[in-house]
Amino acid sequence: DTEVTQTPKHLVMGMTNKKSLKCEQHMGHRAMYWYKQKAKKPPELMFVYSYEKLSINESVPSRFSPECPNSSLLNLHLHALQPEDSALYLCASSQEAGSPGTQYFGPGTRLLVL
Amino acid sequence: DQQVKQNSPSLSVQEGRISILNCDYTNSMFDYFLWYKKYPAEGPTFLISISSIKDKNEDGRFTVFLNKSAKHLSLHIVPSQPGDSAVYFCAASETNTGFQKLVFGTGTRLLVSP
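Predicted model only: the values in this text are computed from it and were never measured.

(A) Representation of a nonpolar patch on the surface in the model. A cluster of nonpolar residues, Val12(A), Leu112(A) and Leu114(A), forms a patch on the protein surface that exposes about 290 Å² of accessible area. Inspection of the secondary structure puts Leu112(A) in strand 11 (residues 109–113).

(B) Structural context of the interface of chain A and chain B. Facing the 26 residues of chain A at the interface are 19 residues of chain B. The contact between chain A and chain B buries some 1,800 Å² in all, and 61% of this surface belongs to carbon and sulfur atoms. Run the count over chain A and chain B and you get one salt bridge. Across the pair Glu58(A) and Lys101(B) runs a salt bridge whose closest N-O atoms are separated by 3.0 Å. Taken together, the connections running from chain A to chain B amount to three residue pairs in polar contact (both at pLDDT 80 or more). Of all the secondary structure elements, the ones that give two or more residues to the side of chain A that touches chain B are strand 4 (31–37), strand 5 (44–50), strand 6 (53–57) and strand 9 (87–94) of chain A. Partitioned by chemical class, the residues of the side of chain A that touches chain B number 13 nonpolar, ten polar and three charged.

(C) Summary view of the side chain of Ser72(A). Residues and elements named next belong to chain A. Looking at the element boundaries, Ser72 is found in the loop between strand 7 (64–70) and strand 8 (73–79). What makes Ser72 buried here is its relative accessible area of 19%. Setting aside its immediate chain neighbours within four residues, Ser72 contacts Cys23, Glu24, Gln25, His26 and Met32.

(D) Highlighting the pattern of salt bridges. Considering all chains together, one arrives at five salt bridges over all chains under this definition. Linked through salt bridges whose partners overlap, the residues forming this network are Lys36(A), Arg63(A) and Asp85(A).

(E) Local environment of the sheet that holds strand 1 (residues 4–7) of chain A. Residue and element names in this part refer to chain A. Taken together, the four strands give an open sheet; going across it, the order is 1-3-8-7, and neighbouring strands pair in antiparallel fashion. The sheet is open, and its two edges are formed by strand 1 and strand 7, each paired on a single side. Between one strand axis and the next, the sheet turns by 20° as a mean value, whatever way the strands run. Relative to strand 8, strand 3 (residues 18–25) is paired through seven bridges, and the arrangement is antiparallel. Residue pairing in the sheet places Lys18 in a bridge with His79 of strand 8.

(F) The arrangement of the state of the cysteines in detail. All names here are of chain A. Counted under the stated rule, the structure contains two disulfides over all chains. The partner cysteine of Cys23 in its disulfide is Cys91, sulfur to sulfur 1.8 Å. The disulfide joining Cys23 to Cys91 has a torsion of about -70° about its S-S bond and is therefore left-handed. One end of the pair, Cys23, is in strand 3; the other, Cys91, is in strand 9, with 68 residues separating them in the sequence. Each member of the pair, Cys23 as well as Cys91, is classed as buried.

(G) Structural view of the sheet that holds strand 1 (residues 4–5) of chain B. All names here are of chain B. An order of 1-3-8-7-6 is seen for the five strands of this open sheet, with the pairing classed as antiparallel. Every other strand in the sheet has two partners, leaving strand 1 and strand 6 (56–59) as the edge strands with one partner each. Where strand 1 and strand 3 (residues 19–25) come together, two bridges link them in antiparallel fashion. By the bridge assignment for strand 3, Val4 is matched with Tyr25.

(H) The packing of aromatic side chains, seen in detail. All chains considered together, the criterion is met by twelve aromatic pairs over all chains. Consider the rings of Phe105(A) and Tyr36(B), whose centres lie 5.3 Å apart with planes at 90°: the pair is edge-to-face. In this pair, Phe105(A) sits in strand 10 (residues 104–105) while Tyr36(B) sits in strand 4 (residues 32–38), so the two residues belong to two different chains. Per residue, the accessibility class of Phe105(A) equals that of Tyr36(B), and both read buried.

(I) Expanded view of the environment of Glu67(A). All names here are of chain A. With respect to the helices, strands and loops of the structure, Glu67 is situated in strand 7. Accessibility expressed as a relative area gives 33% for Glu67, which makes it partly exposed. Each residue touching Glu67, except ones within four places of it in the same chain, is listed here: Tyr49, Leu73, Leu74, Asn75 and His77.

Rules used throughout
- The written sequence of each chain sets the order in which its residues are numbered from 1.
- To label them, take the chains in the order written and letter them from A, then take the ligands in the order written and number them from 1.
- Totals for whole chains, interfaces and linings use all residues, but because this is a predicted model, local features are given only for residues with pLDDT of at least 70 and pairs of side-chain atoms are given and counted only at 80 or more.
- Hydrogens are left out, water is left out, and the side-chain values use all remaining heavy atoms of the structure.
- Each patch groups residues whose relative accessible area exceeds 30% and which form no salt bridge, using 9 Å between like charges and 5 Å between nonpolar side chains of Val, Leu, Ile, Met, Phe, Trp and Tyr.
- Computed by Shrake-Rupley with a 1.4 Å probe, the accessible areas treat only the displayed protein chains as cover when residues are assessed.
- For salt bridges, the criterion is a side-chain nitrogen of Lys or Arg within 4 Å of an Asp or Glu carboxyl oxygen.
- For the purposes of this entry, the term helix denotes a DSSP run of H or I that reaches at least four residues, the term strand denotes a run of E that reaches at least two, and both are numbered from the N terminus.
- The criterion used for residue contact is that any of the two residues' heavy atoms lie within 4.5 Å.
- For any pair of parts, buried area is found by adding up, for both, the accessible area (1.4 Å probe) each one loses once the two are put together.
- In the analysis that follows, any N or O atom pair within 3.5 Å is treated as a polar contact, provided that within protein one partner can donate a hydrogen and the other can accept it, and provided that, for residues neighboring in sequence, both atoms belong to side chains.
- In this classification, Asp, Glu, Lys and Arg are treated as charged, Ala, Val, Leu, Ile, Met, Phe, Trp, Tyr, Cys and Pro as nonpolar, and every other residue, Gly included, as polar.
- The rule is simple: take the accessible area with a 1.4 Å probe, protein chains only, and divide by the maximum for that residue type; under 20% is buried, over 50% is exposed, in between is partly exposed.
- Strands are labelled as partners when DSSP assigns at least two bridges between them.
- Fitted lines through C-alpha atoms serve as axes, helices being fitted only where they are in contact, and the angles separating the N-to-C directions of these axes extend from 0 to 180 degrees.
- Here, the term disulfide refers to a pair of cysteine sulfur atoms separated by no more than 2.5 Å.
- Any pair of Phe, Tyr and Trp rings, taking the six-membered ring for Trp, is counted once the centres come within 6.5 Å. Such a pair is stacked with planes under 30 degrees apart, edge-to-face with planes over 60 apart, and tilted for the rest.

Here it is as structure tokens:
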């Protein structure tokens with residue numbers, strides 16, 4: 001089973017709202033990732049968690065706040081977003097963060113900020 | 001600065017023929033490469049990977065070739081099927097940094113016609 005699940009599939013929020021994206025994997029992977037993909041662009045890395053600790057933050061604005069409550073769950077808390085933050089947000093996981101391996105992606109959450 | 005490039009934004013192939021998707025990279029420290037397939041509004045699906053210690057890896061209809069001296073890799077799909085129609089991303093990582101940060105190419109849209 002190489003499934004990564006994400007909820008919700010779609011989200012519309014205003015610039016003053018607070019919302020959260022959720023990601024879950026049950027493959028025993030110890031590394032989890034958030035990516036952002038704008039239309040007709042490749043996915044871009046936002047955050048890397050390794051063993052439930054934030055290891056990489058790719059200079060992401062503080063209005064995006066990641067959280068890893070346990071080894072299977074990854075959240076992305078959203079607050080005071082801008083319309084340009086509208087994108088597909090992808091979660092991925094891999095066996096380990098530090099060794100070569102496949103990252104398995106979820107279906108994504110399509111976010112629209114009005 | 002685009003470290004991973006896919007210079008062909010689209011490719012059309014007839015069913016049963018070979019599809020060849022190309023990818024070039026500039027960072028000589030990249031040592032692990034992956035190909036993903038992506039349908040609209042879905043997350044990328046892993047296809048095949050190759051380590052820099054190899055020059056070829058095969059999995060069913062998919063073969064990836066790596067030419068390190070040219071900093072070039074290609075994905076061959078034989079025979080191509082209509083269900084292969086999707087956007088294909090190559091991705092590269094530099095694993096000796098301690099974290100596997102995937103850098104994606106811009107994607108090639110493959111259309112396989114019956």
